[in-house]
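Residues per chain are reported as follows:
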Amino acid sequence: MEEQDVVRSLAALAQAARLQVFRALVIAGPRGMTPSVMAEGLGTPANTLSFHLKELLNAGLVTQERQGRNLIYRASFDRMNALLGYLTENCCQGAACEVEAMGDACKC
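Note that the coordinates shown come from a computational prediction; the quantities given were computed from them, not determined experimentally.

Trainee: Sorry, what's going on with the confidence of the model for the chain here?
Mentor: In regions of low pLDDT, the predicted coordinates are not meant to be interpreted in detail. On average, the chain scores 90 in pLDDT, and the residues at 70 or more come to 87%. Mean pLDDT across the secondary structure elements of the chain bottoms out at helix H6 (residues 99-102), with 54, and peaks at strand S2 (residues 70-75), with 97.

Trainee: Looking at this structure, I do not really get the pattern of salt bridges. What am I missing?
Mentor: Oppositely charged side chains are able to pair whenever their charged atoms sit close together. Inspection of every chain in the model, using the stated rule, returns 4 salt bridges. For Glu-65, the salt bridge identified is with Arg-74, shortest N-O distance 2.6 Å. Note on Arg-74: relative accessible area 17%, which makes it buried. The network of salt bridges with common partners includes Asp-5, Arg-8 and Arg-79.

Trainee: Which parts of the structure should I look at to understand helix H2 (residues 16-28)?
Mentor: Its 13 residues give H2 an end-to-end C-alpha distance of 18 Å, which sits within 8% of 18 Å, the value for a rise of 1.5 Å per residue. Along H2, the positions that sit buried rather than exposed are Arg-18, Val-21, Phe-22, Ala-24, Leu-25 and Ala-28. The buried residues of H2 occupy an angular sector of 160° when the element is viewed end-on, so they sit on one face. For H2, exposure combined with an orientation more than 90 degrees from the buried face picks out Ala-16, Arg-23 and Ile-27. For H2, the elements touching its buried residues are helix H1 (3-13), helix H3 (35-42), helix H4 (46-58), strand S1 (62-67), S2 and helix H5 (77-88).

Reading the values: the criteria
Residues numbered from 1 in each chain as written. Predicted model: local features only at pLDDT ≥ 70, side-chain atom pairs only at ≥ 80, totals over all residues. Heavy atoms only, no water. pLDDT = per-residue confidence, 0-100. Helix = DSSP H or I, 4+ residues; strand = E, 2+ residues; numbered from the N terminus. Salt bridge = Lys/Arg side-chain N within 4 Å of Asp/Glu carboxyl O. Buried < 20%, exposed > 50% of the residue type's maximum accessible area, 1.4 Å probe, protein only. Expected span 1.5 Å × (residues − 1). Arc of directions from axis to C-beta. Contact = heavy atoms within 4.5 Å.

Laid out in structure tokens, this is it:
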């Protein structure tokens, strides 16, 4: 992942409402959600949600698919994992890291 992509992704997540939207999409998993379901679940007005989804889409953190008359948004797990990988790439000063074995945090 390029540094400018990391900055764009982190900037998109550096706003409380967008972070909530992204986390809701992560929880939804591969089935994703429509904007109306997200707006209702998050208590966010539709026009505000649309703005935040556009920002997350531009950062590559979500994908959009049309199914009939509905738009389905999904978290881009590849992009999320690439971002996390970039952020932890040099942890433990190059030594083997136990993140995968422990499952939550680097144990350096």
